[in-house]
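Residue-level listing of the chains:
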2 protein chains.
Amino acid sequence: MTDAFGDSSDAVRSARPLVHAQRVTFDGPWELELGGTLDEVTVVYETYGELTTARDNAVLVCHALSGDSHVARHDADDDPGWWDIVVGPGKPIDTDRYFVICPNVLGGCRGTTGPSEVNPRSGRPFGRDFPSITIADMVAVQRRLVTELGIETLLAVVGGSMGGLMVLEWARRYPDAARGLVPLGTAARLSSQALAFDVVARNAILHDPDFHAGQYYGQASKPNTGLAIARMIGHITYLSREAMAEKFGADRLSPREVSAEFEKTFSVGSYLGYQGTKFVERFDANSYITLSMAMDLFDLGGSSWQLASVFKPCDARWLVVSFSSDWLFPPEQSRQIVDALAGTNKPVSYCNVESSCGHDALLLPHDVDMYGGLIRGFLANLDGLDDADDGEHAPTGIFRKHRLDYDRMLELIPLSASVLDLGCGEGELLRLLTDRDCARVCGVDADQHAVRTCVGRGLDVIHADLNEGLPEFADRQFDYVVLSRTLQAVRDVERIVDEMLRVGRRCVVTFPNFAYHKLRRMLAEKGRAPQSTGQLPHAWYETPNIRFFSIADFEQFCADKNITVQRRITLDTEAGREVNDEPNRNADLAIFVVSR
Amino acid sequence: MTDAFGDSSDAVRSARPLVHAQRVTFDGPWELELGGTLDEVTVVYETYGELTTARDNAVLVCHALSGDSHVARHDADDDPGWWDIVVGPGKPIDTDRYFVICPNVLGGCRGTTGPSEVNPRSGRPFGRDFPSITIADMVAVQRRLVTELGIETLLAVVGGSMGGLMVLEWARRYPDAARGLVPLGTAARLSSQALAFDVVARNAILHDPDFHAGQYYGQASKPNTGLAIARMIGHITYLSREAMAEKFGADRLSPREVSAEFEKTFSVGSYLGYQGTKFVERFDANSYITLSMAMDLFDLGGSSWQLASVFKPCDARWLVVSFSSDWLFPPEQSRQIVDALAGTNKPVSYCNVESSCGHDALLLPHDVDMYGGLIRGFLANLDGLDDADDGEHAPTGIFRKHRLDYDRMLELIPLSASVLDLGCGEGELLRLLTDRDCARVCGVDADQHAVRTCVGRGLDVIHADLNEGLPEFADRQFDYVVLSRTLQAVRDVERIVDEMLRVGRRCVVTFPNFAYHKLRRMLAEKGRAPQSTGQLPHAWYETPNIRFFSIADFEQFCADKNITVQRRITLDTEAGREVNDEPNRNADLAIFVVSR
């Protein structure tokens, strides 16, 4: 569903009836986290696909602030859902395979008990009498619904934005209830900036003279101006500056013809006015206040240490996704969650999807290849049917080849060791280690496509830049840290070596030997920058290798930095053999095992 | 002046009387750009320091949206000014040296004609009858005031944010009126995101039921809620996310005790409520609408090409300053102005000050060492008294030494040539070229401290990263482009060489020769990464040099890329002589003159 502004899905949905919605009422008293009570709770929800007889394929989808139970169309004639690009037959959350449940949240205004519903005690809508609720209260209602549907363990809980807060709350409150958790574009608590926007939005609603202390339901006028202003502020925060420039830069003084009672001088103004005006037709001001306050009060902690303690009892697998241009829930907030999980050996993968779409990316088709692919691969591996990725994202040729250095590295690493592979690429070494039943295996790579491939192969991988260190990992967390053919491409050599030695009891470092006889000769005899068909195939001006050093240089470095060399293996990979005679001249690749 | 929240200056100023303000009234009719007319215009302004008898030391300071004429204290007993850190005796805009003029803008509410002043036609305040005005109208009034003060040519016009828009408008409308122009934290037009925030702010004011169609002056209530909400939105956009986290992250649930009628659940909420409540005591809602609309309508063009045409008649020297964390007027918008000027050979320096303070940086002391230092050095050189920098920021020792390569480069470059020096550092070569009266000399460097030093030395320098190309310069703009001892530290060699050859008719490239005999021997005989006391003094793991190549490699590169080598000079800098015999073995530094 696309409107005059080219938006899709959530932004412009109408308030049409939810013809496929189901409804269940749970008797109370329902005790709420902040002390209030509800006499009963009604939940409106929709389901898609079939529950298996083993009841093991249920995926709970949690919606964002302005979403509802209609996550996807049920058939071709149905109204569009807010996440049709992700949920449906053959889609990343494949309704041919999974039983998808999407309930409207507690406090919402699309059927589930909320401020606009009738308060059984007074016989009129709750209004501001609706008790203060938290994300935990919303999740408690979801849990009750899931139990009611006969499901003991969910395959996964998935949600973005406010829905992502719910995913985190599931982990905290029901650590055994799901096998997989997928928070997207979210945070362990809102940033002060995000809080600030919410505060202003609520002030606009609460000070609207038509708010009537929350009992505007029977009145001639509603706090439409305040709610529209709240929505306009929200819309600005959902878009990146870049996306806004693209959308409105060319015709900034050409407002669209819209029937909104707001300023229309500028193109972006007519857009905001339109969004605000549409929103008040389908959303309730009290719900807005209730839900945004629940978001703002959500706070699992401001440090990774606090979060690690929160998530300690949870053994689910995690896929955390952020979007590079999201400034409402910026990537560093997702990284904090990831750091907490990765640093305590929880199975987690993370990808910061490169996107120009801001927070809205998670509802838009623009980047769905990446984040949808991640979700698809993650669910397939939870499911035990890891057939998701070996077709489309097959590993490149180099990994199919027998690799002498991998053989030797595998011999160096004990079968039961825990291993971190830095610069893991598409996960070939990780997979070889996994096949050997290593205690724990995790990778780090800076390329999002490599990360998606790893996730599709059922591997845990963190999307990160090694030049920024390894803040996500604890001291001596791994038995072995591997840095394979990567040190020569790293800018801050000392930092990454320090970090490896902090995180690993032992470290395996491999690198091309710049003093290999063929390379020496190129410089000494021809006066040319060393280059070879083997380990240094690139020309001087375009090689990814920016550090040139020999086996002797690395040994001197270790001596200078008090690094202990436990083992050294030197190879001539062109000849396919180990080198024992004058390795600094005869080997083109070295494998070092080092420790502090 | 610091309040409970640790803010300074503008944010919390009171509406106290401006005891040092002067006032002048100009008879009309005063024709406005958008068609309106004012019968007369009164301007309130303050001055500091003494005008010289030559009337050549006047600096006009243009204030931001919520500022006024009181830019600084007049004496120790005076109220604080909004820019005391920049304007005053001994300060960057030194009132012992300059005659500083700061007028309240047309449309404002601190004495100059604006919506809250009495409309002589009706005998009551203008309110919404105040005509629509533009930045050009504000500047026309400033110009009239300056003329009235007997000043034909200003030494400089300085301003940030909305004040920066005025600086740009001075350049457009009065291209000969100032010798120097200093726009800070501003843009040739607002981003769509910045526009969007303004639209929402105006909607909040216009829809406040106490707005009374703008004639609230005699009423019991004013549109204080709408204006406070506008101010809250503004405040969020003035701070960086990082600054907000620092200010409110630790005690997010501990609101300060403030007498504001707004939500106080969160620390950041009490801050915003306080700022909003304080603001309505001193600012007028109609002025807010008038000024913010003037800002939003300001549009010198969306491309550097358009801006180049706008600034073509202006021959002033420019200092453009942005702040790295400013997301309301982000650095790329300043860069667009700089690109327009630099690409058309206008004398311009640019610095993107590294700051965590967001847009507010330009009012806060946090980064005033950097941006104040830039302003000080820039003004001193306009003034002809370029004594500003040779003390504190004296060039480092290396430049004091006789440098063989500089001597040879100066011989290669004709006396009248225009020259661009890439990676210019503190400007030693630029200064040598300037002393020779080269037609035009300009530098580029990535280090802000080096940029400040260059500005203090009266040199034009652009703060930019060479790895991002040279978008600010036109094809064949310079006779010579110099890249001295920098190519080996550049990641994208092909790109920067392509860019040099695009921008310069001829290019002078110097680089250390990696095949110098001492370096060859280190690798060939000792098997160690080449290092020398001369051109390659750093260890392999910490050298800034990431590209290793020889004279022969560079010659092959030129042949492969169809680059013509015009001249080659090879030096043994250790021996202090030119090398003619086997230079690829005997020279440690090469100078190439190349062209396409």
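Residues numbered from 1 in each chain as written. Chains lettered and ligands numbered in written order. Predicted model: local features only at pLDDT ≥ 70, side-chain atom pairs only at ≥ 80, totals over all residues.

Describing the overall build of chain A
What counts is decided by this rule: Helix and strand assignments come from DSSP, with helices taken as H or I runs of at least 4 residues and strands as E runs of at least 2, each series counted from the N terminus. Remark: residues whose backbone-derived C-beta atoms lie within 7 Å of one another are considered to be in contact.
Of regular secondary structure, chain A possesses 18 helices and 18 strands. Across chain A, every contact between residues at least 6 apart in sequence was considered, and the portion connecting residues at least 24 apart equals 68%.

Describing unusual backbone geometry
Under the convention used in this document: We call a residue exposed when 12 or fewer other C-beta atoms sit within 10 Å of its C-beta, buried when the count reaches 20 or more, and partly exposed for counts in between; the C-beta positions come from the backbone.
Of note, the amide linkage connecting Gly28 of chain A to Pro29 of chain A takes the cis form, showing an omega dihedral of 0°. Considering the arrangement of structural elements, one finds Pro29 of chain A in strand β1 (residues 22–31). With a phi angle near 50°, Arg476 of chain A is a residue other than glycine that sits in the positive phi range. Secondary-structure assignment places Arg476 of chain A in the loop between β13 (461–463) and β14 (478–484). Since 12 C-beta atoms lie within 10 Å of it, Arg476 of chain A is described here as exposed. A positive phi angle is found at Ala213 of chain B, which is not glycine, with a value near 55°. Looking at where Ala213 of chain B falls in the secondary structure, it is placed in the loop between α3 (192–206) and α4 (224–238).

Some thoughts on the pairing of strand β18 (residues 589–595) of chain A
Residues and elements named next belong to chain A. Worth spelling out the cut-off: In short, DSSP must find at least two bridges between two strands for them to pair.
The buried count for β18 comes to 5 of 7 residues, which makes it a mostly enclosed element. With 6 bridges connecting them, strand β15 (residues 504–512) and β18 associate as antiparallel partners. The residue bridging Pro512 from the neighbouring strand is Leu589, located in β18. In the sheet, strand β16 (residues 564–572) pairs with β18 via 7 bridges, with the strands oriented antiparallel. Within β18, the residue paired with Val565 across the bridge is Val594.

Comments concerning the interface of chain A and chain B
As a reminder, the rule being used: Classes in brief: Ala, Val, Leu, Ile, Met, Phe, Trp, Tyr, Cys and Pro nonpolar; Asp, Glu, Lys and Arg charged; the others, Gly included, polar.
Each partner contributes to the interface: chain A provides 55 residues, whereas chain B provides 56 residues. For the side of chain A that touches chain B, the secondary structure elements donating two or more residues are α3 (192–206), α4 (224–238), α5 (241–248), α6 (267–282), α15 (493–503), α16 (517–526), α17 (551–560) and α18 (583–586) of chain A. Tallying contributions element by element places α3 of chain A first for the side of chain A that touches chain B, with 10 residues. Partitioning the side of chain A that touches chain B into residue classes produces 31 nonpolar, 12 polar and 12 charged.

Some thoughts on helix α14 (residues 448–456) of chain A
All names here are of chain A. Most of α14 sits inside the fold, with 7 of its 9 residues counted as buried. Within the span of α14, buried status applies to Ala450, Val451, Arg452, Thr453, Cys454, Val455 and Gly456. Where the residues of α14 are buried, they touch β9 (317–323), β10 (348–353), α10 (368–382), α13 (428–435), β12 (440–445) and β13. Within two residues after α14, Gly458 carries a phi angle of roughly 80°, on the positive side.

What to know about the packing of helix α8 (residues 304–311) of chain A against helix α9 (residues 331–342) of chain A
Residues and elements named next belong to chain A. Threshold: For helices, the fitted line uses only the C-alpha atoms of the stretch in contact; every axis is such a line through C-alpha atoms, and the angle between N-to-C directions lies from 0 to 180 degrees. Relative orientations are named as follows: roughly parallel for angles under 35 degrees, roughly antiparallel for angles over 145 degrees, roughly perpendicular for angles from 65 to 115 degrees, and oblique for any other angle. What makes a crossing left-handed is the near helix being turned counterclockwise from the far one by less than a right angle; a clockwise turn instead makes it right-handed.
For the pair α8 and α9, interaxial distance at closest approach is 8 Å and the crossing angle is 60°. In terms of their interaxial angle, α8 and α9 are classed as oblique. Considering only the axes of α8 and α9, their crossing is right-handed. Of the residues in α9, those in contact with Ser304, Leu307, Ala308 and Phe311 of α8 are Gln336, Ile337, Asp339, Ala340 and Leu341. When grouped by side-chain class, the residues that make up the contact of α8 with α9 number 6 nonpolar, 2 polar and 1 charged.

Looking at the domain arrangement of chain A
Condition: A domain assignment, automatic or from a database, supplies the domain bounds used here.
Per the domain assignment, the segments making up chain A are domain 1 (9–297) and domain 2 (391–596). Centre-to-centre separation of domain 1 of chain A and domain 2 of chain A, based on C-alpha positions: 47 Å.

Focus on the relation of the copies chain A and chain B
This is how the line gets drawn: Fitting of the copies onto one another was done by least squares over C-alpha atoms, counting residues only where both copies have pLDDT of at least 70.
For the match of chain A to chain B, the screw axis carries a shift of 0.0 Å, the RMSD comes to 0.0 Å, and the turn is 180°. A rotation of that kind, with that shift, is consistent with a two-fold axis. Nearest to the rotation axis, the C-alpha of Ile546 of chain A is located 2.3 Å from it, this being the minimum over chain A.

A few points about the packing of helix α1 (residues 135–148) of chain A against helix α2 (residues 162–173) of chain A
All names here are of chain A. Running from N to C, α1 and α2 point in directions that differ by 75°, and their axes come no closer than 9 Å. One element, α1, and the other, α2, form an angle in the roughly perpendicular class. On the side of α1, the interface is formed by Ile135, Ala136, Met138 and Val139, while α2 contributes Leu165, Met166, Glu169, Trp170 and Arg173. Of the residues belonging to the contact of α1 with α2, the class tally is 7 nonpolar, no polar and 2 charged.

Some thoughts on helix α9 (residues 331–342) of chain B
Using the following cut-off: Any helix carries an expected span of 1.5 Å times its number of residues minus one.
In this model α9 of chain B runs 16 Å from its N-terminal to its C-terminal C-alpha over 12 residues, within 8% of the 16 Å that 1.5 Å per residue would give. Turning to α9 of chain B, its buried residues number three or more, namely Pro331, Gln333, Ser334, Arg335, Gln336, Ile337, Val338, Asp339, Ala340, Leu341 and Ala342 of chain B.

Regarding the confidence of the model for chain A
Residues and elements named next belong to chain A. Rules: Summary of the metric used: pLDDT quantifies the predictor's per-residue confidence within the range 0 to 100.
For chain A, mean pLDDT is 92; residues scoring 70 or higher make up 94% of the total. Taken together, the stretch residues 1–12 has pLDDT below 50 and engages in 24 contacts with residues farther than four places along the chain or on a different chain. Low pLDDT, under 50, characterises residues 386–400; the stretch is placed with 21 contacts to residues that sit more than four places away or in other chains. Both scores are available for the predicted complex, with the pTM at 0.94 and the ipTM at 0.93.

Concerning the pairing of strand β2 (residues 37–48) of chain B
Residue and element names in this part refer to chain B. Judged from the 8 bridges that link them, strand β1 (residues 22–31) and β2 form a sheet pairing that is antiparallel. Each residue of the ladder has a partner; that of Trp30, found in β2, is Leu38. The turn linking β1 back onto β2 is made up of 5 residues, and Gly35 within it adopts a positive phi angle of 110°.

Let's talk about the environment of His538 of chain A
All names here are of chain A. Looking at where His538 falls in the secondary structure, it is placed in the loop between α16 and α17. Look at His538 and you get exposed, because 10 C-beta atoms sit within 10 Å. Dropping the residues within four chain positions of it, His538 is found in contact with Thr543, Pro544 and Asn545.

Comments concerning the environment of Cys442 of chain B
All names here are of chain B. Tracing the chain through its elements places Cys442 in strand β12 (residues 440–445). With 23 residues separating them along the chain, Cys442 and Val419 place their C-alpha atoms 6.5 Å apart. Leaving out residues up to four positions away in the same chain, Cys442 has contacts with Ala342, Leu420 and Asp460.

A word on the environment of Cys442 of chain A
For Cys442 of chain A, a count of 28 C-beta atoms within 10 Å puts it in the buried group. Put simply, Cys442 of chain A and Leu422 of chain A are 20 residues apart on the chain and 8.7 Å apart in space, counted from C-alpha to C-alpha.

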